[in-house]
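# Structural overview
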Amino acid sequence: MVNFCRVIIHNTFKQNSFLKTSPRLSEDQRKVCEKWCSDRKRENLNESRTMNGLAILCKYLCLHFEKPKFFVLTDEYDSPIMKAVFNSKMDPEELSGILKFYIDVLASLLKDNIHVLGAVVTGIEV
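So, a few notes on the structure that sits alongside this text. All values reported here derive from a predicted model rather than from experimental measurement.

When you go through the chain residue by residue, the secondary structure sums to six helices and two strands. Written out in order from the N terminus, the α and β elements of the chain read α-α-α-α-β-α-α-β. Across its three principal axes, the chain shows a C-alpha extent of roughly 50 × 30 × 20 Å. Counting the 126 residues in the chain, one finds 37% classified as buried. Long-range pairs, those at least 24 residues apart, make up 74% of the contacts in the chain with a sequence separation of at least 6.

This is the structure:
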């Protein structure tokens, strides 16, 4: 799950790669963007950095566009959860750990993020 989320965050940073050169971000913040955009360097980002990756991206976008808050649009938020639930080889403890990590990622992005004014979240149809 961590790697799955890391790939999603990596792709989202790459869609916003202009942040790597944004004059409104500090040098350290631009380096963080560079790490997330790099195929090799993103592999070395630990679980904690992955959990907070989307929240960090939100902060950097606010800084770049000089906006205090914005809306987050999330499509098929439950796709990773559904894949984990329907994986018959997974034991309950492993599934519980995956669900906790994913909930922590969403909480970091949506609940505990001062840069998010609101969100539209959609799920997949099973």
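This brings us to the state of the cysteines. Throughout the structure, instances matching the rule amount to zero disulfides. In this model C37 remains outside any disulfide bridge; the closest cysteine sulfur is found in C33, 6.4 Å from its own. Looking at C62, it has no disulfide partner, and the nearest cysteine sulfur is the one in C58, 6.8 Å off. Take C62: its relative accessible area is 4%, and that puts it in the buried class.

Turning our attention to the packing of helix α4 (residues 53-65) against helix α6 (residues 92-111). α6 packs onto α4 with a crossing angle of 15° between their chain directions and a minimal axis gap of 8 Å. What the angle tells us is that α4 and α6 run roughly parallel. Classified by chirality, the crossing of α6 by α4 is right-handed. Between α4, through L54, A55 and C58, and α6, the contact on the second element is made entirely by V105, S108 and L109. Of the residues in the contact of α4 with α6, the class split is five nonpolar, one polar and no charged.

Once that is clear, we can look at the packing of helix α1 (residues 2-15) against α4. It is at 10 Å that the axes of α1 and α4 come closest, and there the two elements cross at 15°. As far as their axial angle goes, α4 and α1 are roughly parallel. Seen from above, α1 lies across α4 with left-handed handedness. Across the interface between the two elements, I9, T12 and F13 from α1 touch G53, L54, I56, L57 and Y60 from α4. Residue classes in the contact of α1 with α4 are distributed as six nonpolar, two polar and no charged.

Tracing the sequence through the fold places L117 in strand β2 (residues 116-121). Spatially, the C-alpha atom of L117 lies 8.9 Å from that of P68, the residues being 49 residues apart in sequence. Contact partners of L117, with chain neighbours within four places excluded, come to K69, F70 and F71.

This part takes up the nonpolar core. One finds F13, L19, C33 and Y60 to be the most contacted residues of the largest nonpolar core, which totals 23 residues. Ignoring any residue separated from it by four or fewer positions in sequence, one finds L19 in contact with L25, R30, C33, L57, Y60, L61 and H64.

Rules behind the numbers
- Residues numbered from 1 in each chain as written.
- Predicted model: local features only at pLDDT ≥ 70, side-chain atom pairs only at ≥ 80, totals over all residues.
- Heavy atoms only, no water.
- Helix = DSSP H or I, 4+ residues; strand = E, 2+ residues; numbered from the N terminus.
- Buried < 20%, exposed > 50% of the residue type's maximum accessible area, 1.4 Å probe, protein only.
- Contact = heavy atoms within 4.5 Å.
- Disulfide = S-S within 2.5 Å.
- Axes fitted to C-alpha atoms, helices over the stretch in contact; angles between N-to-C directions.
- Parallel < 35°, antiparallel > 145°, perpendicular 65-115°, else oblique.
- Left-handed = near helix turned anticlockwise from the far one by under 90°.
- Nonpolar A, V, L, I, M, F, W, Y, C, P; charged D, E, K, R; others polar.
- Core = buried A, V, L, I, M, F, W, Y, C linked by side-chain atoms within 4.5 Å.

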